[in-house]
Amino acid sequence: MPVVYNFMHSHKETLEALVDIFTCQGSMREQLTTYAELRVEPVGWDALWKLSKRFCKRFEVRYPCVALVTVTSVDFEELTAEVDVLSVQHAAVSLPEQVSAVPLIELWPTLKQREKSVNAEDTAQLIDLMRFFYDNIWMPWDDQDNKVMLPKTIENRMSLWLDIHNGSIPSYIARSITMMRNSAIDAHEKLRDLDSSLCDEGMADEDDSLLPSNYISQCAEMNAHLDSLMPKWSLYEDPLVREHYLALAKAKWEENKTKRNLVALWQGGSIQQFTNITKFLKSKASKDHNLMVMISAEEGLSLEPEEVVFCSSQYEIPEMPLLKISLFSFNGATLKANMMRSCLFMMSEDCTIQDLHLDCALVNTVIVMRAGRLHVKNCLFSDDSQNLQSDFAQGIVAMSDAKILLEECTFENFYSGLVIHEGAQVELRNCTIKRCGVGIQMYSGANVKLDATAISECSEQSIRCEITTNVQSSNATMDGLEIASSCKIGAGNLQQEVLIVKQDNDLV
């Protein structure tokens, strides 16, 4: 894929640029439209299109997905473009040749343009600013009733964004603010999807009495949810109110953190189930634990507990980074994403996962371990969706500072079972990897140890090693890869089952 424009602006420069946009007359959308008409090329520019989750759902491809496109027209009022798809990042993924109503903020203009007369840099600058606005400043109610976006609102929200990212707001409170914003945006997206479904069925202009009953109830529910979030958000948006509210929240949090918090997630059931769960929790908890029983995984995880036990059979997991946490189950549980996104878990520091089924149907990767230690025992990683291995789903991605121990785990039906980057250390004991494209993908500088582990039915390679040094590809050995005699790797011939290739450092 070609190189795109990237800009590094200070927070002050970004704030000044946004305030400049929103000093114009008109509603928020009209203010943005005025600026876009001056700065964005109307036709003929090339860009990378990073498809949103909405488009990935529409075309039934796995998120994230990237395509190279050329813009054939721009709708400035809607801030969208019509594009021709030139190529897709993964050859196995197919998209329509022409796509309309692509939001400008999903497009990254490329440095190299086929049309020499195109002013791609100014176009990229404005889109980059709009993207920051929609990703970090905009709230769904800004679009209501032609609301005017005031410079003071921009300044307050920019201040909040800075406080979240520079550590002024403690992580547990910053997380709740982020979750509140995501919840509002999710409700807004659901309302938009409901309206789109009516348009698709040709009912947009019909009498209200003909509308589906579930449409009316769902719209009422989403609007009520948005209305309930607005006053909560205002507590954080205003700097003076935020300071007072944060002081109260910190005091309450410190009071709850005097003991080790164990959250039990249970969706209800019979008295006998409750009795069995109680016995199980007694065996896990001590006098140093503070036990909380909750229904929702989102509510439970937002408390940042040290331990979480899943007591019902299935849970939807919200998108949030986790650290210093232990996840396990009573009698087994399946964890899935609550919506299409990049990964099920983004983890760091010291984490443990045990006795769980981790499902990849709505995510590209089950676990991304950024740094620290992760111990996973007796877990099933699987992609049981209708997507094929060519959709590039991954079980675990170990980043450079990760140290992972996997015991008695199974990885099934991924494109890559494990991806292990330079500097990462991964050990597998009594594990099974089957029906993947590549069982283990590792890079120079990674350390992988296999003991009593089986890799089978991989369509491309059991183990693939990408190296940066000049090693003969016929040598089926690699520094950092240790395979015990108790392992069964494919058909057993390591010279065929372990592929060593030279890494192409020129790829963008």
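Located above this text is the structure these notes cover.
Residues numbered from 1 in each chain as written. Predicted model: local features only at pLDDT ≥ 70, side-chain atom pairs only at ≥ 80, totals over all residues. Heavy atoms only, no water.

1. Points about the overall build of the protein chain
Put simply, the test is: Only DSSP runs of H or I reaching four residues or more are called helices, and only runs of E reaching two or more are called strands; each is numbered from the N terminus. Restricting the calculation to C-alpha atoms gives the radius of gyration, and the globule rule supplies 2.2 Å times the number of residues raised to the power 0.38. Under the scheme applied here, a residue whose accessible area is under 20% of the maximum for its type counts as buried, over 50% as exposed, and between as partly exposed, the area being computed with a 1.4 Å probe on protein chains only. The Shrake-Rupley method, run with a 1.4 Å probe, gives the accessible areas here. Residue values count only the displayed protein chains as cover. Two residue types count as positive, namely Lys and Arg, and two as negative, namely Asp and Glu; His and chain ends fall outside the count. Throughout, a charge is located at the NZ atom of Lys, the CZ atom of Arg, the CG atom of Asp or the CD atom of Glu.
The secondary structure content of the protein chain amounts to eleven helices and 27 strands. Taking 508 residues into account, the globule formula puts the C-alpha radius of gyration at 23 Å, and the protein chain, at 25 Å, falls close to it. Projected onto the principal axes, the alpha-carbon positions of the protein chain cover approximately 75 × 60 × 50 Å. Counting all 508 residues of the protein chain, 47% fall into the buried class. Counting every atom, the protein chain has about 25,400 Å² of accessible surface; 48% of that belongs to carbon and sulfur. Averaging the coordinates of the 45 positive side-chain charges in the protein chain and doing the same for the 72 negative ones gives two points 9 Å apart.

2. Looking at the pattern of salt bridges
We count it as follows: What makes a salt bridge here is a side-chain nitrogen of Lys or Arg within 4 Å of a carboxyl oxygen of Asp or Glu, nothing more.
Within this structure, the stated rule accounts for 15 salt bridges. For the salt bridge of Glu-349 with Lys-324, the shortest nitrogen-to-oxygen distance reads 3.4 Å. On the criterion of sequence distance, the pair formed by Glu-349 in strand 12 (residues 341–354) and Lys-324 in strand 10 (residues 321–329) is long-range, its members being 25 residues apart. Between Arg-435 and Glu-412 there is a salt bridge; the shortest N-O distance is 3.1 Å. Taken together, the residues Arg-435 in the loop between strand 20 (432–434) and strand 21 (438–443) and Glu-412 in strand 17 (residues 410–412) connect sequence positions 23 residues apart. Judged by its relative accessible area of 35%, Arg-435 falls in the partly exposed class.

3. Concerning the sheet that holds strand 9 (residues 314–317)
Paired through their backbone hydrogen bonds, the strands of a sheet run either parallel or antiparallel. Quick note on the threshold: One requirement defines pairing of two strands: DSSP has to find at least two bridges between them.
Taken together, eight strands build an open sheet; the order of strands is 9-11-13-15-17-20-23-26 and the sheet is parallel. Two strands lie at the open edges of the sheet, namely strand 9 and strand 26 (488–489), each paired on one side alone. Alignment of strand 23 (residues 454–456) against strand 26, held across two bridges, turns out to be parallel. Bridge pairing in strand 26 links Ala-454 to Lys-488.

4. Details of the packing of aromatic side chains
The condition is simple: A pair of Phe, Tyr and Trp rings is counted when the ring centres sit within 6.5 Å of each other, with Trp represented by its six-membered ring. The angle between the planes then sorts it: under 30 degrees is stacked, over 60 is edge-to-face, the rest tilted.
Considering all chains together, one arrives at 13 aromatic pairs under this definition. Centre to centre, the rings of Tyr-236 and Tyr-245 are 5.3 Å apart; their planes meet at 85°, and the pair counts as edge-to-face. Grouped by ring-pair contacts, the aromatic residues Phe-22, Phe-133, Tyr-134 and Trp-138 constitute a single cluster.

5. Remarks on helix 2 (residues 28–39)
Put simply, the rule is: Multiplying 1.5 Å by the residue count of a helix minus one yields the expected span of that helix. The contact rule is simple, with two residues in contact once any of their heavy atoms fall within 4.5 Å.
Compared with an ideal rise of 1.5 Å per residue, which puts twelve residues at 16 Å, helix 2 spans 17 Å between its outermost C-alpha atoms and is within 8% of the ideal. Looking at the packing, one finds that the buried side of helix 2 touches helix 1 (11–21) and helix 4 (120–137).

6. Brief notes about the pairing of strand 22 (residues 447–451)
Going residue by residue along strand 22, you find Val-448 and Leu-450 tucked away on one face and Asn-447, Lys-449 and Asp-451 left uncovered on the opposite face. Here five bridges tie strand 19 (residues 425–429) to strand 22, and the two strands are oriented parallel to one another. Bridge pairing in strand 22 links Leu-428 to Leu-450. In this sheet, strand 25 (residues 481–483) lies alongside strand 22 in parallel orientation, the contact comprising three bridges. Of the residues in strand 25, the one forming a bridge with Val-448 is Leu-481.

7. Examining the pairing of strand 16 (residues 394–407)
The element strand 16 is largely enclosed, with a buried count of ten among its 14 residues. Here eleven bridges tie strand 14 (residues 363–377) to strand 16, and the two strands are oriented parallel to one another. Note that in strand 16 the partner of Val-376 across the bridge is Leu-406. Here strand 16 pairs with strand 18 (residues 416–420) via four bridges, running parallel. Looking at strand 18, one finds that Gln-394 is bridged to Ser-416. Pairing analysis gives five bridges linking strand 16 to strand 19, with the strands arranged parallel. Directly across from Glu-407, in strand 19, lies its bridge partner Arg-429.

8. As for the packing of helix 4 against helix 5 (residues 151–165)
Put simply, the test is: Orientation is described by axes fitted as lines to C-alpha atoms, over the contacting stretch for helices, and by angles from 0 to 180 degrees between their N-to-C directions. Comment on the angle field: the value is read as roughly parallel under 35 degrees, roughly antiparallel over 145, roughly perpendicular from 65 to 115, and oblique elsewhere. In the scheme used here, Gly and all other residues not listed as nonpolar or charged are polar, with Ala, Val, Leu, Ile, Met, Phe, Trp, Tyr, Cys and Pro taken as nonpolar and Asp, Glu, Lys and Arg as charged.
Two elements in contact, helix 4 and helix 5, have axes whose closest approach is 11 Å; the angle formed by their N-to-C orientations is 70°. When the interaxial angle is binned, helix 4 and helix 5 end up roughly perpendicular. Between helix 4 and helix 5, the contacting residues are Phe-132, Phe-133, Asn-136 and Ile-137 on the first element and Ile-154, Arg-157, Met-158 and Trp-161 on the second. Looking at the contact of helix 4 with helix 5 residue by residue, the class counts come to six nonpolar, one polar and one charged.

9. Regarding the sheet that holds strand 5 (residues 107–109)
Here we have five strands laid out as an open sheet, ordered 4-3-2-1-5, and antiparallel in their pairing. One side of each edge strand has no neighbouring strand; the edge strands of this open sheet are strand 4 (98–103) and strand 5. If you compare each strand with its neighbour and ignore which way they point, the axes differ by 45° on average. As judged from the five bridges shared by strand 1 (residues 46–50) and strand 2 (residues 66–75), these two strands associate in the antiparallel manner.

10. A look at a negative patch on the surface
Counted only if it meets this: In this analysis, a patch consists of residues with relative accessible area above 30% that form no salt bridge, clustered at 9 Å for like charges and at 5 Å for the nonpolar side chains Val, Leu, Ile, Met, Phe, Trp and Tyr.
On the surface, Glu-30, Glu-37, Asp-75 and Glu-77 cluster together to form a negatively charged patch. Position of Glu-77 relative to the elements: it lies in the loop between strand 2 and strand 3 (80–88).

11. Some remarks on the nonpolar core
Worth spelling out the cut-off: To qualify as a nonpolar core, a set must consist of buried Ala, Val, Leu, Ile, Met, Phe, Trp, Tyr and Cys residues joined through side-chain atoms within 4.5 Å.
By size, the foremost hydrophobic cluster in this structure holds 66 residues, and its most contacted members are Leu-327, Met-347 and Phe-381. Among the elements that take part in this core, strand 14 stands out by supplying six residues, more than any other. Residues in contact with Leu-327, not counting those within four places in the same chain, are Leu-301, Val-308, Phe-310, Leu-322, Phe-345, Met-347, Thr-352, Ile-353, Gln-354 and Leu-356. If you look at the next biggest cluster of nonpolar residues, it comprises 54 residues, including Val-88, Ile-137, Trp-138 and Met-340.

12. With respect to the environment of Val-263
You can see Val-263 is positioned in strand 6 (residues 260–265). Considering only alpha carbons, one finds Val-263 and Ile-295, 32 residues apart in sequence, at a separation of 9.9 Å. If we ignore the near neighbours within four places in the chain, the residues touching Val-263 are Met-292, Met-294, Gly-300, Leu-303, Pro-305, Glu-307, Val-308 and Val-309.

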